[in-house]
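# Examination of the molecular architecture
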Amino acid sequence: MRHCSVQVRGLLTRDELDRYNALIEVGHYLEQQSRYDLVAVVQKEIDILILPAIERLKEKSRQRDRDTEEYLRRKAMDEELARLAAEDDDD
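Residues numbered from 1 in each chain as written. Predicted model: local features only at pLDDT ≥ 70, side-chain atom pairs only at ≥ 80, totals over all residues. Heavy atoms only, no water.

### Some remarks on the overall build of the protein
Helix and strand content of the protein: four helices and zero strands. Written out in order from the N terminus, the α and β elements of the protein read α-α-α-α. At 24 Å, the protein has a C-alpha radius of gyration far larger than the 12 Å of a compact globule built from 91 residues. Based on the C-alpha atoms only, the size of the protein along its principal axes is roughly 85 × 20 × 15 Å. Evaluated residue by residue, the protein yields a buried proportion of 21% over its 91 residues. Considering only residue pairs separated by 6 or more positions, the protein has 61% of its internal contacts joining residues 24 or more positions apart. (Helix = DSSP H or I, 4+ residues; strand = E, 2+ residues; numbered from the N terminus. Rg over C-alpha atoms; globule rule 2.2 N^0.38 Å. Buried < 20%, exposed > 50% of the residue type's maximum accessible area, 1.4 Å probe, protein only. Contact = heavy atoms within 4.5 Å.)

### What about the side chain of Gln43?
Tracing the sequence through the fold places Gln43 in helix H3 (residues 36–49). Polar side-chain contacts of Gln43 include one of 2.9 Å to the backbone nitrogen of Arg2. Excluding anything up to four places from it in sequence, Gln43 contacts Met1 and Arg2. (Polar contact = N/O pair within 3.5 Å; in protein donor to acceptor, adjacent residues only side chain to side chain.)

### As for the nonpolar core
Considering soluble globular proteins, one finds that nonpolar side chains tend to be buried as a cluster. If you look at the biggest cluster of nonpolar residues, it comprises 16 residues, and the most contacted ones within it are Met1, Leu12, Tyr20, Val42, Ile46 and Ile50. At the level of secondary structure, the elements contributing two or more residues to this core comprise helix H2 (14–32) and H3. Of the residues forming this core, the biggest block, five residues, is contributed by H2. Those residues within four positions of Ile50 in sequence are excluded, and the remaining contacts are Cys4, Val8, Leu12 and Tyr20. (Core = buried A, V, L, I, M, F, W, Y, C linked by side-chain atoms within 4.5 Å.)

### Side note on the environment of Glu59
Along the polypeptide, Glu59 turns up in helix H4 (residues 51–90). Judged by its relative accessible area of 33%, Glu59 is partly exposed. A distance of 2.7 Å separates polar atoms of two side chains, one belonging to Glu59 and the other to Arg66.

As structure tokens, then:
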């Protein structure tokens, strides 16, 4: 069984996490029984289950990028204003 990343697990809702843990447990049991044909089915269900959390992780990343861009834009504006103020003081 392949686990999803800690970041993705952290973004699962309580219901999704409960289902994820149950499916992992079933998958491990099936692996112990050498029922790899059924393990593949369980793994596919896990892959489908975690898709919304992966999208939430991607959105967090996009939001962080937007926040960084806004911060850099404001920083550049502040630096430009400081430069202009320094030029006015020199005159």
